[in-house]
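Descriptive structure summary
Here is what each chain is made of, one letter per residue.
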Amino acid sequence: CMLREELNDENLLRVVTGIRELPSLPALHQSLLREMEVPEPSLKRIGEIIAQDMSMTARVLQLTNSAFFGLGSKVTHPQQAIALLGINTLKALVLNIGFFTAFSPIAQTRFSAELLWKHSLAVGNLARMIVRSELHDPKWEDRAMVAGIMHDIRVLPLLEIPEYLQQINRIVDQEKCTRAAAEYKVMGISHAEVGAYLLGLWGLP
């Protein structure tokens, strides 16, 4: 409820609440499709592909944490979610329903899906290493990695409003400030609140 009060920009609220799918890195999307089309797909391999991509991770966690499954506890890792879904459900979602989509080129926003993927994966791996050195708990290592991979998911809703991204880029260039400071000037909030609100709407832990 606190985040809802923060998100008072009508354009941004419309985009975030209207999101039904998030685009994935094309190379990972293609790898997933190829794995799904082999005679005997590997759940382990599918899990490895999905765990590398913030959008695919968000989607499988959203689905398995939804009321449809009615689980007693929250699912926090894509590998766990994939095991619950099973190979037949995954094949139907991916091949027939188009559960995941690939990025389309975004003009005039200086956005790179490849750089976002590399950065998110690096943060996820570092978060896992920190938890491993402090707690020695595999469950929390997995949670830390997922949180790290998804920490910049706020970028994806903003791609739906390219004029905001252009204004943010211009302010960063002109005033030499942080992106968060520029976001507060344009939207009244930063990417952190946008990402938190989106994941909260989707019921992620």
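Cut-off values and rules
Residues numbered from 1 in each chain as written. Predicted model: local features only at pLDDT ≥ 70, side-chain atom pairs only at ≥ 80, totals over all residues. Heavy atoms only, no water. Helix = DSSP H or I, 4+ residues; strand = E, 2+ residues; numbered from the N terminus. Buried < 20%, exposed > 50% of the residue type's maximum accessible area, 1.4 Å probe, protein only. Contact = heavy atoms within 4.5 Å. Core = buried A, V, L, I, M, F, W, Y, C linked by side-chain atoms within 4.5 Å. Axes fitted to C-alpha atoms, helices over the stretch in contact; angles between N-to-C directions. Parallel < 35°, antiparallel > 145°, perpendicular 65-115°, else oblique. Left-handed = near helix turned anticlockwise from the far one by under 90°. Polar contact = N/O pair within 3.5 Å; in protein donor to acceptor, adjacent residues only side chain to side chain. Nonpolar A, V, L, I, M, F, W, Y, C, P; charged D, E, K, R; others polar.

**Observations concerning the environment of Ala-192**
By the secondary structure assignment, Ala-192 is in helix H13 (residues 191-201). Its relative accessible area of 47% is what places Ala-192 among the partly exposed residues. Taking the C-alpha atoms as reference points, Ala-192 and Arg-154, separated by 38 residues in sequence, lie 6.8 Å from one another.

**Looking at the side chain of Glu-141**
Topologically, Glu-141 is positioned in helix H9 (residues 138-150). Apart from the residues lying within four places of it in its own chain, the contact partners of Glu-141 are Arg-128, Val-131, Arg-132 and His-136.

**Considerations on the nonpolar core**
Membership of the largest hydrophobic core comes to 52 residues, with the highest contact counts inside it found for Leu-7, Leu-12, Leu-32, Met-150, Ile-153 and Met-187. Beyond its immediate chain neighbours, meaning those up to four positions away, Met-187 contacts Asp-9, Leu-12, Leu-158, Tyr-164 and Ile-168.

**Quick look at H13**
Among the residues of H13, those classed as buried are His-191, Glu-193, Val-194, Gly-195, Tyr-197, Leu-198 and Leu-199. Once H13 ends, the next one or two residues include Gly-203, with phi positive near 75°.

**Side note on the packing of helix H3 (residues 26-37) against helix H4 (residues 43-51)**
Packed helix pairs are characterised by how far apart their axes lie and by the angle those axes make with each other. Packing of H3 against H4 leaves a shortest axis separation of 10 Å and a crossing angle of 165°. Looking at the two axes, H3 sits roughly antiparallel to H4. Judged by the twist between their axes, the crossing of H3 over H4 is left-handed. Between H3 and H4, the contacting residues are Leu-28, Ser-31, Leu-32, Glu-35 and Met-36 on the first element and Arg-45, Ile-46, Ile-49 and Ile-50 on the second.

**Concerning H4**
Where H4 is concerned, the buried positions are Ile-46, Gly-47, Ile-49, Ile-50 and Ala-51. Looking at where H4 begins, the residue whose side-chain oxygen comes 3.3 Å from the main-chain nitrogen of Lys-44 is Ser-42.

**As for the packing of helix H5 (residues 54-64) against H9**
One can describe the packing of H5 onto H9 by two numbers: an axis separation of 9 Å at closest approach and a directional angle of 120°. In this view, H5 runs oblique relative to H9, as classed from their interaxial angle. By crossing handedness, the relation of H5 to H9 is classed as left-handed. Here Met-54, Thr-57, Ala-58 and Leu-61 of H5 come into contact with H9, specifically with Val-146, Ile-149 and Met-150. Split into classes, the residues belonging to the contact of H5 with H9 amount to six nonpolar, one polar and no charged.

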